[in-house]
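Survey of secondary and tertiary structure
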Amino acid sequence: MTADATTTASGMFKGKTALVTGAGRGIGRSCASALAGAGARVITVARTRVDLDSLHEAFPDLVETWQEDVTSEAFYARIETLQGLDILVNNAGTNKPQEFTSVDTEALHTMLKLNVEAAFRTAQSAARVMLREQTGGSIINMSSQMGHVGSPGRTVYCMTKHAIEGLTKAMAVELAQHGIRVNSIAPTFIETSLTSAMIKTPEFNEFIISRIPMGQIAHVQDIAEAVLFLASSRSGMITGDSLRIDGGWTAQ
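First things first, this report covers the structure right here in the doc.

Conventions we followed
- Along each chain, residue indices are assigned from 1 in the same order as the chain's sequence is written.
- The predicted nature of this model means local features are confined to residues of pLDDT at least 70 and side-chain atom pairs, given and counted, to a pLDDT of 80 or more, with totals for whole chains, interfaces and linings taken over all residues.
- For the side-chain quantities, the full set of heavy atoms in the structure was used; hydrogens and water were omitted.
- Only strands that DSSP links by at least two bridges are regarded as paired with each other.
- Counting from the N terminus, the helices are the DSSP runs of H or I reaching at least four residues and the strands are the DSSP runs of E reaching at least two.
- Every angle, taken between N-to-C directions, lies between 0 and 180 degrees, and every axis is a line fitted to C-alpha atoms, over only the stretch in contact when it is a helix.
- Classification of ring pairs uses Phe, Tyr and Trp, with its six-membered ring standing for Trp, and accepts pairs whose centres are within 6.5 Å; under 30 degrees between planes counts as stacked, over 60 as edge-to-face, and the remaining range as tilted.
- Under the scheme applied here, a residue whose accessible area is under 20% of the maximum for its type counts as buried, over 50% as exposed, and between as partly exposed, the area being computed with a 1.4 Å probe on protein chains only.

1. Details of the sheet that holds strand 4 (residues 87-90)
Across a sheet, strands are paired by hydrogen bonds formed along the backbone, either parallel or antiparallel in direction. Strands sit in the order 3-2-1-4-5-6-7 across an open sheet of seven strands; the sheet is parallel. Two strands lie at the open edges of the sheet, namely strand 3 (63-67) and strand 7 (242-245), each paired on one side alone. Taken over all neighbouring pairs, the strand axes of this sheet differ in orientation by 15° on average, direction set aside. Pairing of strand 2 (residues 41-46) with strand 3 involves five bridges; the strand directions are parallel.

Here it is as structure tokens:
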């Protein structure tokens, strides 16, 4: 986050509890750090303990670590034991780029299970806690610009992220009466451990930049600041929407 954003957000979420999946690295880690920096108690979820431990060391009084597989029944059950939950950043996901006619069954099943089923089940369990406690809340589903457009070599990923956009709208309509807002964030390409190798390929980098009118890729901090906005009262009348952080990619 920028210094100005950090100062503005300081204490914004004091007394609030947030859950961030895929929090060990990249976008999820940045979002968890931003929420903790703004005063939230943050439950960070990842499969790798060491990544979470370093987050806890940075915010020892605010960050709780859960080493969990977000596709497991045990994880959903654990969410539902929470005594309260105000914010969910439903971030865990993956991509395995392949040509459409070459997509293998393993890749198809992996992306459907993690990007769609696990996202649905995580949001469902989080909503159950919010409904039980009757305190409202903000659910933020991590989508992608590929949830709004198509792209070669990404048919399965596009399919899963279009599903997330549909899920977000339907959840928003159903949960609005209970004070639970549901939105998505749709980033363009961001250099993370998942995308770094692709982005550093000269041909692919040129393709990306040529499609982004602003002429640059986004950064994890851009996504973290969007999370702070959608999780806060500043977006109190926004639900069922998708915040596209794509430098204009999908505007064309």
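2. Quick notes on the packing of aromatic side chains
A full pass over the atoms with the stated rule returns six aromatic pairs. Between Trp66 and Phe75, the ring centres sit 6.4 Å apart and the planes meet at 85°, which makes this aromatic pair edge-to-face. Residue Trp66 is classed as buried on the basis of its relative accessible area, which comes to 2%. Given the relative accessible area of 0%, Phe75 is considered buried. Geometrically, the ring pair formed by Phe189 and Phe204 is edge-to-face, given 5.3 Å between the ring centres and 90° between the ring planes. Remark: Phe204 occurs in helix 8 (residues 202-211) and Phe189 occurs in the loop between strand 6 (180-187) and helix 7 (196-199); sequence separation between them is 15 residues. Residue classification places Phe189 among the buried residues on the basis of a relative accessible area of 9%.

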